[in-house]
Amino acid sequence: MPTPPRIAALALPATVGAAQLLLPAGTFDAPRGAMLGAGPWCLSDDRGYILAEALGRRVKDIPVDYEHQTLRAAQNGQPAPAAGWVRPATIRFEPAVGLVAPVDWTARAAAAIGADEYRYLSPVFTYDARGRVIDLLHLALTNTPALDCLPAVALAAASLLLTPPESPMDELRERLLYLLNLPLTTTGPELLAQLDTLKSMLGNGPDGTAATSLPALLAARETRIAALTAQVQAAVPADLVADLQRQVAALTNDAQTRTRDTLLTAALSDGRLTPGSLLHTHAQSLVLPALQGLLGSLTPIAALSGTQTGGQAPEAVAAAAAAGEWTEALAQEFGSPEVYAAFQRAEAAGSVRIFGAAQ
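As the structure is a computational prediction, the values presented were derived from the model and not from experiment. (Residues numbered from 1 in each chain as written. Predicted model: local features only at pLDDT ≥ 70, side-chain atom pairs only at ≥ 80, totals over all residues. Heavy atoms only, no water.)

### Considerations on the packing of aromatic side chains
This structure, assessed with the given rule, holds five aromatic pairs. On the basis of an interplanar angle of 75° and a centroid distance of 5.1 Å, the ring pair of Tyr-49 and Phe-93 is categorised as edge-to-face. Placement of Tyr-49 in helix H1 (residues 45–56) and of Phe-93 in strand S8 (residues 92–94) is noted, with a sequence separation of 44 residues between them. Residue classification places Tyr-49 among the partly exposed residues on the basis of a relative accessible area of 43%. Since its relative accessible area comes to 7%, Phe-93 is described here as buried. Centroid distance Tyr-66 to Tyr-118: 5.7 Å. Interplanar angle 50°. Geometry classified as tilted. One end of the pair, Tyr-66, is in strand S6 (residues 62–66); the other, Tyr-118, is in the loop between helix H3 (107–114) and strand S11 (120–127), and 52 residues separate them in sequence. (Phe/Tyr/Trp six-rings, centres within 6.5 Å; stacked < 30°, edge-to-face > 60°. Helix = DSSP H or I, 4+ residues; strand = E, 2+ residues; numbered from the N terminus. Buried < 20%, exposed > 50% of the residue type's maximum accessible area, 1.4 Å probe, protein only.)

### Quick word on the nonpolar core
Ranked by size, the top nonpolar core spans 32 residues in total, and within it Leu-22, Val-86, Leu-99, Trp-105 and Leu-141 carry the most contacts. In terms of residues, this core owes the most to one element, strand S12 (residues 133–142), which gives four residues. The residues touching Leu-22, leaving out its near neighbours within four places in the chain, are Leu-12, Val-86, Ile-91, Leu-99, Val-100, Ala-101, Leu-121, Pro-123, Leu-136 and Leu-139. Listed in part, the eight residues of the second largest apolar core include Leu-264, Leu-286, Leu-294 and Leu-295. (Core = buried A, V, L, I, M, F, W, Y, C linked by side-chain atoms within 4.5 Å. Contact = heavy atoms within 4.5 Å.)

### Topic: H1
With 12 residues, H1 should cover 16 Å at 1.5 Å per step; its first-to-last C-alpha distance of 16 Å lies within 8% of that length. Taken together, the buried positions of H1 are Gly-48, Leu-51, Ala-52 and Leu-55. For H1, the arc enclosing every buried residue in end-on projection is 100°, short of the 170-degree limit, so these residues lie on one face. Opposite the packed face of H1, turned more than 90 degrees from it, sit the exposed residues Asp-46 and Glu-53. Buried residues belonging to H1 abut strand S3 (19–24), strand S5 (41–43), S6, S8, strand S9 (98–102) and S12. (Expected span 1.5 Å × (residues − 1). Arc of directions from axis to C-beta.)

### Re the sheet that holds S9
Overall, antiparallel pairing links the three strands, which are arranged S3-S9-S8 in an open sheet. A single partner strand is all that each edge strand has here, and the edge strands are S3 and S8. Between one strand axis and the next, the sheet turns through 35° on average, direction left out of account. Pairing of S8 with S9 involves three bridges; the strand directions are antiparallel. If you follow Glu-94 over to S9, its bridge partner there is Gly-98. Sitting on the sheet, H1 is in contact with S3, S8 and S9, with an inclination near 165° to S8. (Pairing = 2+ DSSP bridges. Axes fitted to C-alpha atoms, helices over the stretch in contact; angles between N-to-C directions.)

### Examining the pairing of strand S7 (residues 82–86)
Inspection of the sheet shows S6 paired to S7 by four bridges, in the antiparallel sense. Across the sheet, Pro-63 pairs through a bridge with Trp-85, a residue of S7. Pairing geometry for S7 and strand S10 (residues 104–105), over two bridges, is antiparallel. Within S10, the position partnered with Trp-85 by the bridge is Asp-104.

### Re the environment of Thr-90
Mapped onto the elements of the fold, Thr-90 is located in the loop between S7 and S8. Separated by 38 residues in sequence, Thr-90 and Ala-52 have C-alpha atoms that sit 9.3 Å apart. In this structure, Thr-90 is in contact with Val-100, Ala-101 and Pro-102, ignoring residues within four places of it in sequence.

See below:
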């Protein structure tokens with residue numbers, strides 16, 4: 001379990017209308033009872049510049065409350081109204097001085113400071129075991145800067161105020177959640193529990209050692225998936241699969257054949273095709289998609305629709321045309337005796353007009 005953060009509350013003079021000292025530079029301490037925490041503390045120049053830059057990247061303004069109520073709210077249930085705000089972009093570090101920034105005081109707080117009702121600004125900061133300042137959490141307007149206690153619930157509230165910049169570990173955590181198909185709201189304990197479950201499901205790695213690393217876990221998962229896939233494939237006989245494939249192919253071919261026959265019959269009925277013609281023979285050799293495209297490009301001929309024989313059998317019309325005036329030239333022009341017979345009927349009915357001829 002990580003060590004709880006060390007937190008100190010420091011007393012500094014509160015001012016209005018000028019840059020306010022937020023944390024002093026160098027090594028600082030205070031008489032016993034003037035602050036909470038085990039000093040002395042140190043804010044070096046190097047750390048001061050780094051801390052000022054880190055604070056400047058924060059999105060939310062840093063609150064200044066009354067009497068550290070932000071920390072006490074979880075315990076006493078009282079609201080924590082703001083006395084002022086520090087804009088992160090205005091924070092700077094001055095050597096031998098410390099962290100400084102103007103405070104945007106509320107009207108109430110400014111009046112209280114002006115009337116000497118409130119005198120001190122108490123920053124709350126974290127520090128390490130060597131007393132080096134780590135971060136500035138927030139500030140409070142108070143006359144008693146030393147906090148009596150910081151219970152565990154207050155420490156939890158203080159930790160929520162920390163907004164460290166994203167680190168490579170944050171990106172690694174997001175990628176791990178993505179690989180495990182977990183939401184970004186997954187907590188640390190939930191993530192560890194999921195990893196433990198995954199480890200128990202996968203067991204040991206190929207070499208017999210426990211698959212504890214993430215690459216080993218992922219490799220073991222892929223191996224397990226491949227093994228399960230092979231088991232499923234082995235459970236189904238190959239001859240059964242082949243027979244099912246043949247049945248599907250036969251049903252598909254039969255359906256396509258019926259569709260082709262239906263399309264050809266319709267085209268012969270409305271005059272787009274004529275029996276025995278070269279176009280009819282070509283259409284019969286086409287696959288279904290090509291046939292659909294060809295028939296879609298043809299225009300029905302009213303004179304060739306219906307029976308196309310005037311009530312007579314096609315063989316009688318063909319025989320009559322062949323016995324009469326059917327020639328090779330007519331065959332090249334009309335394709336079949338049936339078409340020529342239909343042309344003769346249309347011409348006799350006055351439905352044929354030769355363009356370019358004298359009227």
